Amino acid sequence: MKASIRAKNQIFGIWCGPAYVVGVIVGWALIAGFIPPHLPSAGAEAIANAIGSDYAQIRVGMLVLMFAAMIVIPFTAIVCRFVTQIEGEAGLLTYSILMGGLSTAILTFYPAIWWLVAAFRPDRLADVTLA
């Protein structure tokens, strides 16, 4: 039975990879509408207007993105496990994949929080929102 649970955990970890990609696309592009992205030259008023007009969608989209950031961790863990088996012990590739996966989770999670915070106060001054 223990082997069965291990196999189920491995399958879960493997499926977290595609689920992460789907979560990012759904949250970032489809719900929040950040594709195409805002122009870097857009002023404070343009960014504040974009947030003010779609703040409910941005909130939901960023929550989906935050959950996607969480599910990349099991995927990273299972990939690290497989690479450790290939290497024979935890080596350079294992630690590189581990750091890359954790960085992916962090770099997905924090921008979602920043957009979420901005969307919770759409009535604030445009310069504060841009900051």
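Everything below is about the structure shown above.
Let us look at the structure shown here. Note that the coordinates shown come from a computational prediction; the quantities given were computed from them, not determined experimentally.

### Focus on the overall build of the protein
Stage number 1. Along the backbone of the protein there are five helices and zero strands.
Stage number 2. Reading the helices (α) and strands (β) of the protein from amino to carboxyl end gives α-α-α-α-α.
Stage number 3. Taking 14 Å as the expected radius of gyration for a compact globule of 131 residues, we find that the protein reaches 19 Å, considerably beyond that expectation.
Stage number 4. Dimensions of the protein, computed from C-alpha atoms along their principal axes, come out at roughly 55 × 30 × 20 Å.
Stage number 5. Across the 131 residues in the protein, those meeting the buried criterion constitute 28%.
Stage number 6. Restricting the contact set of the protein to residue pairs at least 6 apart, pairs at least 24 apart contribute 79%.
Stage number 7. For the protein, the computed accessible surface area is about 8,400 Å², with 72% contributed by carbon and sulfur atoms.
Stage number 8. For the protein, the centre of its 7 positive side-chain charges and the centre of its 6 negative side-chain charges are spaced 19 Å apart.

### Thoughts on helix α2 (residues 44-53)
Residues lying three or four places apart along an α-helix face the same way, a consequence of the helix completing one turn every 3.6 residues.
Stage number 1. For α2, the complete set of buried residues consists of Ala-44, Ile-47, Ala-48, Ala-50 and Ile-51. Buried positions in α2, seen along its axis, are confined to an arc of 160 degrees and lie on one side of it. Among the exposed residues of α2, those oriented more than 90 degrees off its buried face are Glu-45, Asn-49 and Ser-53.

### Remarks on the environment of Cys-16
Stage number 1. Positionally, Cys-16 belongs in helix α1 (residues 2-31).
Stage number 2. Along the primary structure Cys-16 and Ala-69 are separated by 53 residues, whereas in three dimensions their C-alpha atoms are 10 Å apart.
Stage number 3. With residues up to four places along the chain from it excluded, the contact list for Cys-16 reads Ile-71, Pro-74 and Phe-75.

### With respect to the side chain of Thr-76
Stage number 1. As for its placement among the helices and strands, Thr-76 is situated in helix α3 (residues 55-87).
Stage number 2. A polar contact is formed between the side chain of Thr-76 and the backbone oxygen of Val-72, at a distance of 2.9 Å.
Stage number 3. With residues near it in sequence (within four places) discarded, Thr-76 still touches Ile-97, Leu-98 and Gly-101.

### Topic: the packing of α3 against helix α4 (residues 92-120)
Stage number 1. The contact between α3 and α4 brings their axes to 8 Å, and the two run at 175 degrees. In terms of their interaxial angle, α3 and α4 are classed as roughly antiparallel.
Stage number 2. Of the residues assigned to the contact of α3 with α4, the class counts are 24 nonpolar, six polar and two charged.

### Notes on the nonpolar core
Stage number 1. Counting twelve residues, the largest nonpolar core is built from Ala-32, Phe-34, Ile-47, Ile-51, Ile-58, Met-62, Leu-65, Met-66, Ala-112, Leu-116, Ala-118 and Ala-119.
Stage number 2. The set of elements that each furnish at least two residues to this core consists of α2, α3 and α4.

What counts, and where the lines are drawn
Residues numbered from 1 in each chain as written. Predicted model: local features only at pLDDT ≥ 70, side-chain atom pairs only at ≥ 80, totals over all residues. Heavy atoms only, no water. Helix = DSSP H or I, 4+ residues; strand = E, 2+ residues; numbered from the N terminus. Rg over C-alpha atoms; globule rule 2.2 N^0.38 Å. Buried < 20%, exposed > 50% of the residue type's maximum accessible area, 1.4 Å probe, protein only. Contact = heavy atoms within 4.5 Å. Areas by Shrake-Rupley, 256 points an atom, 1.4 Å probe, with all protein chains shown as cover. Lys, Arg positive; Asp, Glu negative; His and termini not counted. Charge placed at Lys NZ, Arg CZ, Asp CG, Glu CD. Arc of directions from axis to C-beta. Polar contact = N/O pair within 3.5 Å; in protein donor to acceptor, adjacent residues only side chain to side chain. Axes fitted to C-alpha atoms, helices over the stretch in contact; angles between N-to-C directions. Parallel < 35°, antiparallel > 145°, perpendicular 65-115°, else oblique. Nonpolar A, V, L, I, M, F, W, Y, C, P; charged D, E, K, R; others polar. Core = buried A, V, L, I, M, F, W, Y, C linked by side-chain atoms within 4.5 Å.

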